[in-house]
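Below are the chains, spelled out letter by letter.
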Amino acid sequence: MRAHWTPIAAVGLFNSALPFLLFAFALSWMVATIGLGAPNGEAAQAAIFPMLFPLTFASSAFVDPSFMPGWLQVFADHQPVSITVDAARDLVLGQPVGWGVAASVAWSLGIVAVFGPLTLEGVKLSPRERAVLSVLVLRAGRPVTTAELADALSRDEPPGNP
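Residues numbered from 1 in each chain as written. Predicted model: local features only at pLDDT ≥ 70, side-chain atom pairs only at ≥ 80, totals over all residues. Heavy atoms only, no water.

(A) Region of the structure containing the packing of helix 6 (residues 127-138) against helix 7 (residues 146-154). Interaxial distance between helix 6 and helix 7 falls to 9 Å at its minimum, and their mutual angle equals 135°. As summarised for this structure, helix 6 and helix 7 are arranged oblique, according to the angle between their axes. Crossing geometry of helix 6 relative to helix 7 is assigned as right-handed. Residues Arg128, Ala131, Val132 and Val135 of helix 6 lie in contact with helix 7, whose contacting residues are Glu148, Leu149, Ala152 and Leu153. Taken together, the residues of the contact of helix 6 with helix 7 sort by class into 6 nonpolar, no polar and 2 charged. (Axes fitted to C-alpha atoms, helices over the stretch in contact; angles between N-to-C directions. Helix = DSSP H or I, 4+ residues; strand = E, 2+ residues; numbered from the N terminus. Parallel < 35°, antiparallel > 145°, perpendicular 65-115°, else oblique. Left-handed = near helix turned anticlockwise from the far one by under 90°. Contact = heavy atoms within 4.5 Å. Nonpolar A, V, L, I, M, F, W, Y, C, P; charged D, E, K, R; others polar.)

Next up, the structure:
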């Protein structure tokens, strides 16, 4: 069977990447939370593996869940990797998009909503580091002068919008 590339197929391929990108962003928050609690890189990797292993291999990414034992099918059908893979698969194949894309986005946003604040809470920044970070965030998209940084570091209150 030959694959025929059409503009519609290219759109489906592009659209199929979107659930994966959003899910990868969400997982980065989860991994960052775990990594911040680890004493070193090796311990972080060892702590992350038990979480990623079942999510990856007990999913529909490699095997149709109908071939799995009944108890594992329930997990595989409802976990975020399977839902994201199935949503992307529907998008790339041009099949009707059901609840899968919405569920994938919901899982990703839920993960970010839980692990985003936990990650930020785990970051230990001094008041000076917070002031520098605040200036850089509030002035995103334009250069920040050393005078602006020095001004932010010399103030007692956090910097505001310019």
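From this point, the narrative continues.
(B) Representation of the nonpolar core. Counting residues in each nonpolar core, the largest one holds 10 residues, listed as Phe23, Ala26, Leu27, Met30, Ile48, Met51, Leu55, Val81, Val85 and Ile111. Mapped by element, the contributors of at least two residues to this core are helix 1 (7-36), helix 2 (41-57) and helix 4 (80-93). Here the element with the most residues in this core is helix 1; it accounts for 4 residues. Once you skip the residues sitting within four places of it in the chain, Phe23 turns out to touch Pro80, Val81, Thr84, Ser108 and Ile111. (Core = buried A, V, L, I, M, F, W, Y, C linked by side-chain atoms within 4.5 Å. Buried < 20%, exposed > 50% of the residue type's maximum accessible area, 1.4 Å probe, protein only.)

(C) Structural context of the confidence of the model for the protein chain. Per-residue pLDDT for the protein chain averages 84, and the proportion of residues at 70 or more is 90%. Within the protein chain, the lowest mean pLDDT, 81, falls on helix 6, and the highest, 91, falls on helix 3 (residues 70-78). (pLDDT = per-residue confidence, 0-100.)

(D) Spatial organisation of the packing of aromatic side chains. This model, assessed by the stated rule, comprises 4 aromatic pairs. Taking 5.5 Å as the distance between ring centres and 35° as the angle between the ring planes, the aromatic pair formed by Phe49 and Phe53 counts as tilted. In this pair, Phe49 and Phe53 both sit in helix 2, 4 residues apart, roughly one turn of the helix. Overall, the relative accessible area of 53% leaves Phe49 in the exposed class. When the ring of Phe57 is compared with that of Phe62, the centres are 5.5 Å apart and the planes differ by 20°; the resulting orientation is stacked. With a relative accessible area of 51%, Phe57 lands in the exposed category. (Phe/Tyr/Trp six-rings, centres within 6.5 Å; stacked < 30°, edge-to-face > 60°.)

(E) Representation of the side chain of Thr84 within the structure. Relative to the helices and strands, Thr84 resides in helix 4. Sequence-distant contacts of Thr84, that is, excluding residues within four places in its chain, are made with Pro19, Phe20, Phe23 and Ser104.

(F) Structural context of the side chain of Ser16. Within the secondary structure, Ser16 sits in helix 1. Looking at Ser16, the relative accessible area reads 8%, which means it is buried. For Ser16, the residues in contact, after removing those within four places along its chain, are Ala88, Leu91 and Val92.

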